[in-house]
Amino acid sequence: MKGKDIVSNKIIDDVRLKYKLHGYSSLTELEKIQLVLSYSEINERAVEISNNIIKSYCNLHTILDSNIPFLMKEYETNIKTITLFSLISDIISIFVFSPCKDMNLNTIKKSKKYFSALLRKSKREVVVVVAVDKNFKVICSKILSRGNLTDVGISYRRVAEFALENDAQYIFLSHCHPSDNSNPSPEDINVTIHLKEALEFLDIILIDHIITGKDGVYSMFEEFGTDIFNKVPEYKIK
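Before going into details, it helps to say that this report is about the structure given with it. Computed from a prediction, not measured in an experiment: that's the story for all the values here.

Regular strands place side chains that alternate from one sheet face to the opposite one. Strand β3 (residues 170–177) sits mainly inside the fold: eight of its eight residues count as buried. Both faces of β3 are covered, namely the face carrying Tyr-170, Phe-172, Ser-174 and Cys-176 and the face carrying Ile-171, Leu-173, His-175 and His-177. Pairing of strand β1 (residues 127–132) with β3, which is carried by six bridges, proceeds in the antiparallel orientation. Across the sheet, Val-130 pairs through a bridge with Phe-172, a residue of β3. The pairing of β3 with strand β4 (residues 205–213) spans eight bridges and is parallel. Its bridge partner lying in β4, Ile-171 is registered against Leu-206. The β-α-β motif built from β3, the intervening helix α9 (residues 186–200) and the parallel element β4 has right-handed crossover chirality.

Time to look at a nonpolar patch on the surface. A cluster of nonpolar residues, Leu-164, Phe-201 and Leu-202, forms a patch on the protein surface that exposes about 360 Å² of accessible area. Following the sequence through the fold, Leu-164 ends up in helix α8 (residues 156–165).

The next point concerns helix α7 (residues 108–119). In an α-helix, one full turn covers 3.6 residues, which means residues spaced three or four apart are oriented alike. With twelve residues, α7 should reach 16 Å at 1.5 Å per residue; the first-to-last C-alpha distance of 16 Å fits that figure. Here α7 has its buried residues at Ile-108, Ser-111, Tyr-114, Phe-115, Ala-117 and Leu-119.

Moving on, we get to the packing of aromatic side chains. Summed over the entire model, instances satisfying the criterion amount to seven aromatic pairs. Ring centres 6.0 Å apart and planes at 45 degrees place the aromatic pair Phe-115 and Phe-172 in the tilted group. Here the residue Phe-115 occupies a position in helix α7, and Phe-172 occupies one in strand β3, the gap between them amounting to 57 residues. On the accessibility criterion, Phe-172 (0% relative accessible area) is buried. Relative to Tyr-235, the ring of Phe-172 has its centre 5.6 Å away and its plane inclined at 70 degrees; by these criteria the two rings are edge-to-face. Note that Phe-172 is positioned in strand β3 and Tyr-235 in the segment after α10 (220–224), a separation of 63 residues in sequence. When its relative accessible area of 5% is taken as the criterion, Tyr-235 is described as buried. In textbook terms, an aromatic cluster arises when at least three aromatic residues are bridged by ring pairs, as seen for Tyr-114, Phe-115, Phe-136, Tyr-170, Phe-172, Phe-221, Phe-229 and Tyr-235.

Calculation rules
Residues numbered from 1 in each chain as written. Predicted model: local features only at pLDDT ≥ 70, side-chain atom pairs only at ≥ 80, totals over all residues. Heavy atoms only, no water. Buried < 20%, exposed > 50% of the residue type's maximum accessible area, 1.4 Å probe, protein only. Helix = DSSP H or I, 4+ residues; strand = E, 2+ residues; numbered from the N terminus. Pairing = 2+ DSSP bridges. Right-handed = clockwise from strand over helix to strand, strands pointing away. Patch = residues over 30% accessible without salt bridge, like charges linked within 9 Å, V, L, I, M, F, W, Y side chains within 5 Å. Areas by Shrake-Rupley, 256 points an atom, 1.4 Å probe, with all protein chains shown as cover. Salt bridge = Lys/Arg side-chain N within 4 Å of Asp/Glu carboxyl O. Expected span 1.5 Å × (residues − 1). Phe/Tyr/Trp six-rings, centres within 6.5 Å; stacked < 30°, edge-to-face > 60°.

Below is the structure:
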């Protein structure tokens, strides 16, 4: 056995033992990546790839939120590694969103949590509309566009049709800024105002517009209140 193989085997054995004795939180970000890769790559490659990845991506969380097939191709991993990381990423998404899907969106805090879970995996801007009933329970959600918000600026009819099809009393609008902060642009605000006014003709209320970004989650209702939105007593700040 080559000296490099011996060193790599010891590194992986030590990481596995550390995980077994002290748990996930005891591992460094490099060790977490090494541990995962050790189940799909030979130990020498697992150590080599981990060292290269950590220099650019810093932690496992960033990797799992990245374009995994593209990332793994860059580091010449095998198909098992691509499958393993993609599977972990998908499981996390399901785990994060599952507790939210039956949530009543009757507070800004809950709405932020719901849309953060819904849009966390988006690599580009996605615009979503969500219909809720009078108790703020989610009836249905629909992706309106996979571009920026202004792309759907003329599609208020589609939003109205969606609301009517689902017998929704209230509507939420949401979109993401994957590579930017969550603050609304002037165009975001303008589209929100016009959509709210268009829906009022059908007695449908736009409750809030939630924006997710790399810095967190933003609620337009929390920021602008009745300057833009109708006051709905059941929708609370906390």
